Each structure stands twice: as C-alpha cells, then as structure tokens.
Amino acid sequence: MYYLAKAKFENVDSATGKIKKFTEHYLVDSESISDAERKMRDKFKDAIADFSVISVQESPIMGIVK
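Residues numbered from 1 in each chain as written. Predicted model: local features only at pLDDT ≥ 70, side-chain atom pairs only at ≥ 80, totals over all residues. Heavy atoms only, no water.

*Asks:* Give a description of the overall build of the protein that names residues and reports values.
*Replies:* Within the protein, the secondary structure is distributed over one helix and three strands. Helices and strands appear in the protein in the N-to-C order β-β-α-β. A compact globule built from 66 residues would reach a C-alpha radius of gyration of about 11 Å, whereas the protein, at 14 Å, exceeds it by more than 25%. Taken over the C-alpha atoms alone, the protein extends approximately 45 × 20 × 20 Å along its principal axes. When burial is assessed residue by residue, the protein has 21% of its 66 residues classed as buried. Considering only contacts within the protein whose residues lie at least 6 apart along the sequence, 54% involve residues at least 24 apart. When the 11 basic and 11 acidic side-chain charges of the protein are each reduced to a single mean position, those positions are 4 Å apart. (Helix = DSSP H or I, 4+ residues; strand = E, 2+ residues; numbered from the N terminus. Rg over C-alpha atoms; globule rule 2.2 N^0.38 Å. Buried < 20%, exposed > 50% of the residue type's maximum accessible area, 1.4 Å probe, protein only. Contact = heavy atoms within 4.5 Å. Lys, Arg positive; Asp, Glu negative; His and termini not counted. Charge placed at Lys NZ, Arg CZ, Asp CG, Glu CD.)

Below, the structure is given as structure tokens:
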C-alpha cells in the first residue's frame, strides 16, 4: 500500500541568516500510516535541516507499473 507523506523542513539561510521553511511530498510504500511515518523519520534523521512529518494519509495510487 502507498501513503502520501508531507514533510516540513526548516533551514537557516547562510546568506541572510533567516529561517527558510519548505514542504515536500513523498510517496511511501508501507504497511500502515504509523509505519510510513517511521520510515520518513528514519530517512531524514540525519538531515541537515530540521525535519517534521506534517501528515500521512492513504494514497489513491494502487501500484507502480515498471
């Protein structure tokens, strides 16, 4: 099953010193919402920017054709 995860990042702009916030969306192949959130945290645990998972919801995508 696939889940849509939304992640928020915060990083200090080295030129201005201001905090820049941005959001990214990810498609996560997972067994449950909690597992998808865990996978997101594991993937970005060593990220330079501060990271948080904003939301995880079931995706309408049924599969990926290769």
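Next comes the rest of the write-up.
*Asks:* Any details on helix α1 (residues 33-44)? Residues and values, ideally.
*Replies:* With 12 residues, α1 extends 17 Å from end C-alpha to end C-alpha; this agrees with the ideal 16 Å at 1.5 Å per step. On its buried side, α1 packs onto β1 (2-12), β2 (19-29) and β3 (50-58). (Expected span 1.5 Å × (residues − 1).)

Everything listed is a geometric property; what it means functionally is a separate question.
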